[in-house]
Amino acid sequence: MPRIDAHHHLWDLDRREQPWMDGPWADPIRRTFTLEDLEPHLAAHGVDATVVVQSSSSHEETLELLATAEAFDRVAGVVGWADLTDPGLPDVLAALRAAPGGDRLAGLRHQVQDEPDQRWLDRPDVRRGLTQLAGADLAYDLLVTPRELPAAIDVVRDLPEVRFVLDHAAKPPVASGARDPWDRQLTELAALPNVVCKLSGLVTEADWDGWQPEQVLPYAWHVLDAFGPDRVLFGSDWPVCTLAASYDQVADLAGRATLRLTEAERAAVFGGTAVRAYGLKA
């Protein structure tokens, strides 16, 4: 089974701005990041393949990520962006599939956490788009926080034909140490069989300058307990993770979180689940 980093980003600030970088907090990552920058980290941790994830609501960015996947075999999948509410979404998906690297299109994502409407996912036009993703055999990445989790639970329950991937465990409040209602909501979501969860993004929900593994690990363990190892997939969230931790630290933390698992279970977290969830040919 290949070792897979199922969540990282690439962006070129000479091509387009990233609107979510909206303050001085983002200065450490306010530069271009390429696959060549990531490669040494992948090599150091024996990562065979990756999934690159959109970072802006841009059709052009998705085409660029697909072209990158075409040029680099290590990129096994692309989670891009398209407007789920577009009545012409099937044609958009067909055009993406026909573009260079289009065979690597694994799913779509939208920054739901930035929508003013906390129940945006539950809108009829969004639900229609999600159903069309199922028809195209594509997954949908849920980028939500505890605020949007109730809507996500309803949608995942009502659309069993759609494959959902929860990003960053829905961003629990690691910095405060709080667990409720995140832990109850996550358990409720995990009871639904058509969703898996990324073991990713937890360090950036902690205190960037002072986090300790002991503060983050209970959240990771809850993810593994709720979903089970065969429905959890590792993602570095590089380079966003570098706001709080290096690639090495993130990989080592995931290793610690999975120490109690069997070899087969660890193989699922670090590769097998990603292959199944995204239909990768890695």
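It should be noted that the structure appears before, not after, this text.
Residues numbered from 1 in each chain as written. Predicted model: local features only at pLDDT ≥ 70, side-chain atom pairs only at ≥ 80, totals over all residues. Heavy atoms only, no water.

Participant: How should the packing of helix α5 (residues 149-158) against helix α6 (residues 182-190) be read in this particular structure?
Facilitator: Describing two packed helices takes the angle between their axes plus the distance from one axis to the other. Contact pair α5 / α6: the axes reach a minimum separation of 10 Å and the direction vectors enclose 10°. Overall, the two elements α5 and α6 adopt an arrangement that is roughly parallel. Touching L149, P150, A152, I153, V156 and R157 of α5 are W182, Q185, E188 and L189, all from α6. Here the contact of α5 with α6 is composed, by residue class, of seven nonpolar, one polar and two charged. (Axes fitted to C-alpha atoms, helices over the stretch in contact; angles between N-to-C directions. Helix = DSSP H or I, 4+ residues; strand = E, 2+ residues; numbered from the N terminus. Parallel < 35°, antiparallel > 145°, perpendicular 65-115°, else oblique. Contact = heavy atoms within 4.5 Å. Nonpolar A, V, L, I, M, F, W, Y, C, P; charged D, E, K, R; others polar.)

Participant: Mind showing me how you'd approach the sheet that holds strand β3 (residues 75-80) here?
Facilitator: Sheet strands pair by backbone hydrogen bonding; their relative direction is either parallel or antiparallel. The eight strands are arranged β1-β2-β3-β4-β5-β6-β7-β8 in an open sheet whose pairing can be described as parallel. Both edges of this open sheet fall to β1 (4-8) and β8 (232-234), since each of them pairs with a single strand only. Taken pair by pair, the neighbouring strands of this sheet meet at an average axis angle of 25°, ignoring direction. Both strand β6 (residues 163-166) and strand β7 (residues 195-199) contribute to a ladder of three bridges, which runs parallel. Looking at the pairing, F164 lines up with V195 of β7. (Pairing = 2+ DSSP bridges.)

Participant: Before we go on, may I ask you to explain the nonpolar core in this structure?
Facilitator: In a soluble, globular protein the nonpolar side chains are often hidden away together inside. Grouped together as the largest cluster of nonpolar side chains are 83 residues, with contacts concentrated most on L121, Y140, F164, L166 and F227. Broken down by element, the residue count for this core peaks at seven residues, all from helix α7 (residues 213-227). Sequence-distant contacts of Y140, defined by excluding residues within four places in its chain, comprise L84, L108, R109, H110, V112, W120, L121, L130, L133, R163, F164 and V165. Membership of the second largest hydrophobic core comes to 17 residues, among which are A6, V53, A106 and L280. (Core = buried A, V, L, I, M, F, W, Y, C linked by side-chain atoms within 4.5 Å. Buried < 20%, exposed > 50% of the residue type's maximum accessible area, 1.4 Å probe, protein only.)

Participant: It is not clear to me how the packing of aromatic side chains should be interpreted in this structure. Could you clarify?
Facilitator: Aromatic rings in a pair are described by how distant their centres are and how their planes are angled relative to each other. A full pass over the atoms with the stated rule returns eight aromatic pairs. Consider the rings of W11 and W20, whose centres lie 5.5 Å apart with planes at 80°: the pair is edge-to-face. Judged by its relative accessible area of 3%, W11 is buried. By relative accessible area, which is 22% here, W20 ends up partly exposed. (Phe/Tyr/Trp six-rings, centres within 6.5 Å; stacked < 30°, edge-to-face > 60°.)

Participant: Help me understand helix α4 (residues 124-135), please; the structure alone is not making it clear to me.
Facilitator: Along an α-helix, residues three or four positions apart point the same way, because every turn accommodates 3.6 residues. Across its 12 residues, α4 extends 17 Å between first and last C-alpha, which sits within 8% of the 16 Å expected from 1.5 Å per residue. Within α4, burial applies to V126, R127, G129, L130 and L133. In an axial view of α4, the angular spread of the buried residues amounts to 160°, which keeps them on one side of the axis. Opposite its buried face, α4 presents the exposed residues P124 and G135, each directed more than 90 degrees away. Where α4 is buried, its residues meet α3 (89-98), β4 (105-110), β5 (139-142), α5 and β6. D137 sits one or two residues past α4 and shows a positive phi near 60°. (Expected span 1.5 Å × (residues − 1). Arc of directions from axis to C-beta.)

Everything listed here is a matter of geometry and, on its own, says nothing about what the molecule does.
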